[in-house]
Each structure stands twice: as C-alpha cells, then as structure tokens.
Amino acid sequence: MKKVVVFFADGTEEIEALTPVDILRRAGADVTFAGVGKTECTGSHGIKITADKTARECADEDFDMVVLPGGMPGTINLGKDADVCGMVKKAHDSEKFIAAICAAPSVFGEMGLLAGKKATCYPGFEKNLLGAEVTGERVVRDGNIITSRGAGAAIDFALMLVSCLFGEERSEEIRKAVIA
C-alpha cells in the first residue's frame with residue numbers, strides 16, 4: 001500500500017489539504033493527515049480540522065509521497081517546521097514524491113529543491129521558486145516533484161498525485177467517480 005502524508009498547519013487552505021486526502025484515500029492510499037505542532041489546527045477560512053497525528057509523530061516514518069497544501073499563513077508555518085522540512089528533504093533525497101500547491105511550492109524553492117525543475121505556484125510566489133522554470137500551468141510534474149497553482153486546481157492536483165502513485169488508469173477511474 002502506498003503511504004502518503006499530507007500536512008495541515010494553522011492558516012492552511014482547507015480545500016488544498018482536504019481534497020488530496022479525500023482523492024488519495026478513494027484511490028486506496030494509506031494517507032496520514034498530520035498537524036503541525038498539534039492535531040487540531042484552524043485553516044485559513046476558520047475551519048477547524050483534526051489531524052490523525054502530529055508531524056512530529058510522523059517524522060521517523062517512511063512515506064511514498066509528502067504533500068504540502070498552501071494558504072497563508074499556513075505555508076509559512078509549514079516552511080518553519082523542522083519536522084515538515086526534514087520529511088520533505090528525506091522524501092526528495094530518497095526519490096520519493098514531494099508535492100505542493102498554491103504558495104507551498106515556495107517551501108521547496110527556498111529549500112533549493114526546484115533548481116533546474118519546471119514548477120508552478122499561486123501567482124505572486126514565482127520569485128520564491130528559486131532556480132525553477134515557472135510554467136504557470138495548473139499542475140506540473142517534473143520527476144518526483146509535483147506543483148500546482150491553487151484551490152481551483154485542487155482536484156487536478158489530487159488526480160495527478162493518484163496518477164503518480166497508482167497510474168493513469170486509476171486516476172481516470174477516480175476522476176470519473178468524482179467529476180463525471
């Protein structure tokens with residue numbers, strides 16, 4: 001079974017966190033929803049979310065994919081968390097998938113992980129994608145890195161995550177189930 005961790009911090013964009021969790025679970029992934037610093041966090045629109053466990057509790061686990069949702073100040077809170085950044089680096093160094101949406105690709109950029117890669121982000125954060133070729137597309141995959149523009153692309157982003165882990169056929173099955 002494919003293991004995925006999706007982080008949630010105070011100020012995270014709820015749609016960008018919950019959509020990947022939902023779609024990946026529908027596809028059959030073992031998804032851990034991890035809160036930064038605590039299990040109950042409040043999203044950027046005031047919605048309280050209870051995570052499965054904290055990022056600290058996940059730090060020693062191995063995941064096939066690490067996902068960072070955006071939102072403000074959620075992205076800043078993710079980027080300042082040593083456990084989150086450590087898990088991103090560990091996954092990247094192990095050639096596992098790392099994925100971020102909206103402002104969160106800036107965390108990858110500031111960690112130096114986007115140099116020479118194609119990426120996208122929420123408009124206005126391009127300068128933080130250090131070394132990346134910014135495409136402006138809704139969802140971009142370059143090797144083991146997946147980035148996306150924002151809440152309006154959350155389903156496309158989540159379906160790309162499914163495609164990366166389970167293949168295009170499974171992604172299409174899920175797409176038809178939730179959109180068709």
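Above: the structure in question.
Attention here is on the structure that accompanies the text.

What counts as what
The numbers attached to residues start from 1 for each chain and follow its sequence in the written order. Restriction of local features to residues with pLDDT of at least 70 applies here, the model being predicted, together with a cutoff of 80 or more for giving and counting side-chain atom pairs; totals for whole chains, interfaces and linings are based on all residues. Remark: hydrogens and water are excluded; side-chain values derive from all non-hydrogen atoms of the structure. Strands are runs of DSSP state E lasting at least 2 residues, helices are runs of H or I lasting at least 4, and numbering of each runs from the N terminus. Each residue is assigned to one of three classes by its accessible area relative to the maximum for its type, calculated with a 1.4 Å probe on protein chains only: buried under 20%, partly exposed between the two thresholds, exposed over 50%. When checking whether two residues touch, look at their non-hydrogen atoms; a contact exists if any pair is within 4.5 Å. Note on definitions: angles span 0 to 180 degrees between N-to-C directions of axes, and those axes are lines fitted to C-alpha atoms, for helices only across the stretch in contact. The hand of a helix crossing depends on one turn: near helix anticlockwise from the far one by less than a right angle means left-handed, and clockwise means right-handed. Side-chain classes follow a simple rule in which Ala, Val, Leu, Ile, Met, Phe, Trp, Tyr, Cys and Pro form the nonpolar group, Asp, Glu, Lys and Arg form the charged group, and the remainder, Gly included, forms the polar group.

### Some words on unusual backbone geometry
Here's step 1: In this chain, M72 is followed by P73 through a cis amide linkage whose omega measures 5°.
Here's step 2: You can see P73 is positioned in the loop between β6 (65-68) and α3 (74-79).
Here's step 3: Within the chain, E95 stands out as a residue other than glycine whose phi angle is a positive 60°.
Here's step 4: Even without glycine at this site, C102 takes up a positive phi of about 70°.
Here's step 5: Among the secondary structure elements, C102 is positioned in the loop between β7 (97-101) and α5 (105-110).
Here's step 6: With relative accessibility at 9%, the residue C102 sits in the buried group.

### What to know about the environment of V140
Here's step 1: Tracing the chain through its elements places V140 in strand β10 (residues 139-142).
Here's step 2: Judged by its relative accessible area of 5%, V140 falls in the buried class.
Here's step 3: Not counting residues up to four positions away in its chain, the partners in contact with V140 are K118, A119, T120, T135, I145, I146 and T147.

### Side note on the packing of helix α6 (residues 154-166) against helix α7 (residues 168-178)
Here's step 1: At a minimum axis distance of 7 Å, the contact between α6 and α7 shows a crossing angle of 145°. Here α6 runs over α7; the crossing is right-handed. In contact with L159, V162, S163 and F166 of α6, α7 contributes E168, R170, S171, I174 and R175.
Here's step 2: Of the residues assigned to the contact of α6 with α7, the class counts are 4 nonpolar, 2 polar and 3 charged.

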